[in-house]
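Single-letter residue listing:
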Amino acid sequence: MNFIKKIFLDFYIFLKMLILGSCSLISEMCCFVQPIKNPINRENEYVVVTGGNRGIGWSTVKSLAESGMKVIVGCRDGPSRDLLYQSVKQAELPTESVEWINLDMSSMESVRAFGQAILDKNVPISLLINNAGTMASYTLTKDGFESAFAINYLGHFLLTHLLMPRLIAAGTNDKAARIVNVSSSGQALGFFQINDLQGESYYNKFGAYCQSKAAQIMFTKVLHELLTSKNKPVKVYAVHPGVIKTNVWSKYWFTHFTSIFSGFLGKTEAQGAQRVVYAALSPKAEDLSGNFFENSKVVQPIALVRNRDMQTQLWEKSCQLLDISQFGGL
């Protein structure tokens, strides 16, 4: 791609992000979080959460542990693990309620090892929360995948494939197991390069992030249809947790003002987690599998994300990249 075209596309994405970000902030200011009204007891059931050591992930872990669930958290060794255990101690959660297993979502080898460690426990998994995410400058993982695509989407595609037998074992006709893919309203950017998923010909960090989040919604839809066709007791949802008060955007000069406004218009990490927990536990979501949620309500993603041909192509390319012949044994 020539330099002039790249500058034009960068400016277009920057402008569209500002418009979408402003609209999201206004929408967030006008809506309220809908927590689950009645406490739900899921004592001794197992849940897996990726990236559960900080932010929305940690708040989700805390809520699930307080509901009685045994939470398996996947995050990196070292400071990330230490932060998790420090948070567990500060929250005064029972030490046996949260278990850490090493996981680097950028490495498919690590994802496979994490999945195998869980399978070796031989316990049914009632919930899988695919939460871990990143947005960064262009880098390739050791597997040769663009980092945002690998961490936000492809690693979770693989993990879901690996844990599907345990999810099916946990589900019943009365209470299905659930998968929650933490996505983003960034899907509305409409940036999706099905023939250049690794960003080799053109890369924009915001575009790559939004593309990976759109991929999660497409994955949700196709997986729902596959599970339904096979009559398996597993439901799957994609969730936008909201515009969250965070300093992640303040690193970039042109979104610095947006981060300032999100500080008093956005929701807290705990409130964002409530939206994730709603999809994970609420009885009201039981029959809404395959959908994309914003503020605990089903919304339509943009037409590009709903495109059936695009969804099928993404699914097939994902299976090819990961050498999966039969997803989840389905």
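Since the structure is predicted, the reported quantities are computational estimates derived from the model, not experimental observations.

The next subject is the nonpolar core. Residues F157, M164, L167, F192, L223 and F327 are the most contacted members of the largest nonpolar core, which totals 53 residues. Of all the secondary structure elements, the ones that give two or more residues to this core are α4 (108-121), β4 (125-130), α5 (147-170), β5 (177-182), α6 (205-229), β6 (234-240) and α10 (308-322). For this core, the element with the highest residue contribution is α5, accounting for twelve residues. Ignoring anything within four residues of it in the chain, the contact list for F157 reads F219, W315, S318, C319, L322, I324 and F327. I129, Y237, A279 and L281 belong to the second-largest nonpolar core, a separate cluster that totals 32 residues.

Peptide bonds are trans in most cases, and residues, glycine excluded, mostly fall at negative phi. Phi at N122 takes a positive value of approximately 55°, unusual for a residue other than glycine. In this fold, N122 is placed in the loop between α4 and β4. A positive phi angle is found at N231, which is not glycine, with a value near 55°.

Checked against the element boundaries, D196 lands in the loop between β5 and α6. A polar contact is formed between the side chain of D196 and the backbone nitrogen of E200, at a distance of 2.8 Å. If sequence neighbours within four positions are ignored, D196 has contacts with S201 and Y202.

In the structure shown here, the tally under the stated rule is 13 aromatic pairs. Note on F11 and F14: the rings are 5.9 Å apart at their centroids and 50° apart in plane angle, and the pair reads as tilted. One end of the pair, F11, and the other, F14, are both in helix α1 (residues 3-29), three residues apart, so they sit about a helical turn from each other. Judged by its relative accessible area of 47%, F11 falls in the partly exposed class. Its relative accessible area of 24% is what places F14 among the partly exposed residues. Aromatic pair F157 and W315: ring centres 5.1 Å apart, planes at 70°, arrangement edge-to-face. With a gap of 158 residues between them, F157 in helix α5 and W315 in helix α10 connect regions that are remote in the sequence. Assigned by exposure class, F157 and W315 land together as buried. The structure contains a cluster of three or more aromatic residues connected by ring pairs, namely F149, Y153, F157, F219, W315 and F327. We note R81 situated over the ring of W100; from NZ or CZ to the ring centre the distance is 5.5 Å.

Time to look at the pattern of salt bridges. Scanning the model with the defined rule gives eleven salt bridges in all. Of the charged contacts in the structure, one is a salt bridge between R81 and D82, with a shortest N-O distance of 3.2 Å. Judged by relative accessible area, R81 falls into the partly exposed class, the value being 26%. Judged by relative accessible area, which is 40%, D82 ranks as partly exposed. When salt bridges that share partners are traced, they join R42, E45 and K175 into one network.

Analysis parameters
Residues numbered from 1 in each chain as written. Predicted model: local features only at pLDDT ≥ 70, side-chain atom pairs only at ≥ 80, totals over all residues. Heavy atoms only, no water. Core = buried A, V, L, I, M, F, W, Y, C linked by side-chain atoms within 4.5 Å. Buried < 20%, exposed > 50% of the residue type's maximum accessible area, 1.4 Å probe, protein only. Helix = DSSP H or I, 4+ residues; strand = E, 2+ residues; numbered from the N terminus. Contact = heavy atoms within 4.5 Å. Polar contact = N/O pair within 3.5 Å; in protein donor to acceptor, adjacent residues only side chain to side chain. Phe/Tyr/Trp six-rings, centres within 6.5 Å; stacked < 30°, edge-to-face > 60°. Lys NZ or Arg CZ within 6 Å of the ring centre and 35° of its normal. Salt bridge = Lys/Arg side-chain N within 4 Å of Asp/Glu carboxyl O.

As far as function goes, none of this settles anything; it's purely spatial.
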